Amino acid sequence: MTWRGSTNVSDRIFACLPYLLPLVEVLSFGFVLLQQFPALAVVFAPVLIVWSLYRRVRFAGIIIFFALWLLVVRNEKISHFVRFNTMQAILLDIIIFLCAILTDIVGLIPSGDFAIQTLYSTIFLGIVAAVAYSVVQSLLGRYAEIPAISDAVYMQVR
């Protein structure tokens, strides 16, 4: 849906870039799958390089989070399409943070390794699927409609 006007190629590309944040953040949940399926490690090799650089800066996540929020989402000079996708990427990142808290709680259960691995894999695959869907829709110039998340984005981005 492109109800806020048409999008040009640069808007489509810039709308895809914020999705690197949730993709890099969710890699910590995906190491179980990447070890079990080495072909996935080849697919995610470029993201793993970004992840290693990302982990070297102590507060990179929070710095990027607030930079995207303040410089992109709240800047009405930037197209609605880019701001929408940036806010959606931020919300996916918040979901990853909340899932990390959930996995910490599940980790307190004795001998819950299988449950943790299953939860990690589910979170990883869910976020990767949401990011892939959003990037494809952005490249096509459409708004990626993810239930509940997109509704929250529409409330934030005017």
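(A) Expanded view of the overall build of the protein chain. In terms of helices and strands, the protein chain carries 8 helices and 0 strands. Its helices and strands in sequence order give the protein chain the pattern α-α-α-α-α-α-α-α, from N to C terminus. Relative to the 2.2 N^0.38 estimate, which gives 15 Å for 158 residues, the radius of gyration of the protein chain is 16 Å and therefore close to what a compact globule would have. Dimensions of the protein chain, computed from C-alpha atoms along their principal axes, come out at roughly 55 × 30 × 30 Å. By residue count, 41% of the 158 residues in the protein chain fall in the buried class.

(B) Examining the packing of aromatic side chains more closely. Using the criterion set out here, one finds 7 aromatic pairs in the structure. Centre to centre, the rings of F29 and Y120 are 4.9 Å apart; their planes meet at 80°, and the pair counts as edge-to-face. Of this pair, F29 sits in helix α2 (residues 20-36) while Y120 is found in helix α7 (residues 113-139), placing the two residues 91 residues apart along the sequence. Aromatic side chains F84 and Y154 sit 4.9 Å apart centroid to centroid with 40° between the ring planes, which places their arrangement in the tilted category. Remark: Y154 occurs in helix α8 (residues 149-156) and F84 occurs in helix α6 (residues 80-106); sequence separation between them is 70 residues. Exposure remark for F84: the relative accessible area of 0% places this residue in the buried category. Aromatic rings pair up to connect F81, F84, Y143 and Y154 into one cluster.

(C) Expanded view of the confidence of the model for the protein chain. Mean pLDDT over the protein chain works out to 91, with 97% of the residues at or above the 70 mark. Within the protein chain, α8 has the poorest average pLDDT of any element, 90, and helix α1 (residues 9-16) the best, 95.

(D) View of the nonpolar core. Judged by nonpolar contacts, the single largest core of 39 residues is most densely connected at V26, F44 and F124. It is α6 that contributes the most residues to this core, 10 residues altogether.

(E) Expanded view of the packing of α2 against α6. Packing of α2 against α6 leaves a shortest axis separation of 8 Å and a crossing angle of 15°. The orientation of α2 relative to α6 falls into the category roughly parallel. Where α2 crosses over α6, the two elements pack in a sense that is left-handed. Here L21, P22, E25, V26 and F29 of α2 lie close against α6, whose contacting residues are A89, L92, D93, I96, C99, A100 and T103. For the contact of α2 with α6, a count of residues per class yields 9 nonpolar, 1 polar and 2 charged.

(F) Representation of the environment of D11 in the model. Inspection of the secondary structure puts D11 in helix α1. What makes D11 buried here is its relative accessible area of 16%. For the pair D11 and E76, spaced 65 residues apart in the sequence, the C-alpha separation amounts to 14 Å. The contacts of D11, once residues within four sequence positions are left out, are S79, F81 and V82.

(G) Quick look at α1. All of the buried residues along α1 are D11, A15 and C16. All buried residues of α1 project into a common sector of 135° when viewed along the axis, lining one side. Buried residues in α1 make contact with α2, α6 and α7.

Rules used in this analysis
Residues numbered from 1 in each chain as written. Predicted model: local features only at pLDDT ≥ 70, side-chain atom pairs only at ≥ 80, totals over all residues. Heavy atoms only, no water. Helix = DSSP H or I, 4+ residues; strand = E, 2+ residues; numbered from the N terminus. Rg over C-alpha atoms; globule rule 2.2 N^0.38 Å. Buried < 20%, exposed > 50% of the residue type's maximum accessible area, 1.4 Å probe, protein only. Phe/Tyr/Trp six-rings, centres within 6.5 Å; stacked < 30°, edge-to-face > 60°. pLDDT = per-residue confidence, 0-100. Core = buried A, V, L, I, M, F, W, Y, C linked by side-chain atoms within 4.5 Å. Axes fitted to C-alpha atoms, helices over the stretch in contact; angles between N-to-C directions. Parallel < 35°, antiparallel > 145°, perpendicular 65-115°, else oblique. Left-handed = near helix turned anticlockwise from the far one by under 90°. Contact = heavy atoms within 4.5 Å. Nonpolar A, V, L, I, M, F, W, Y, C, P; charged D, E, K, R; others polar. Arc of directions from axis to C-beta.

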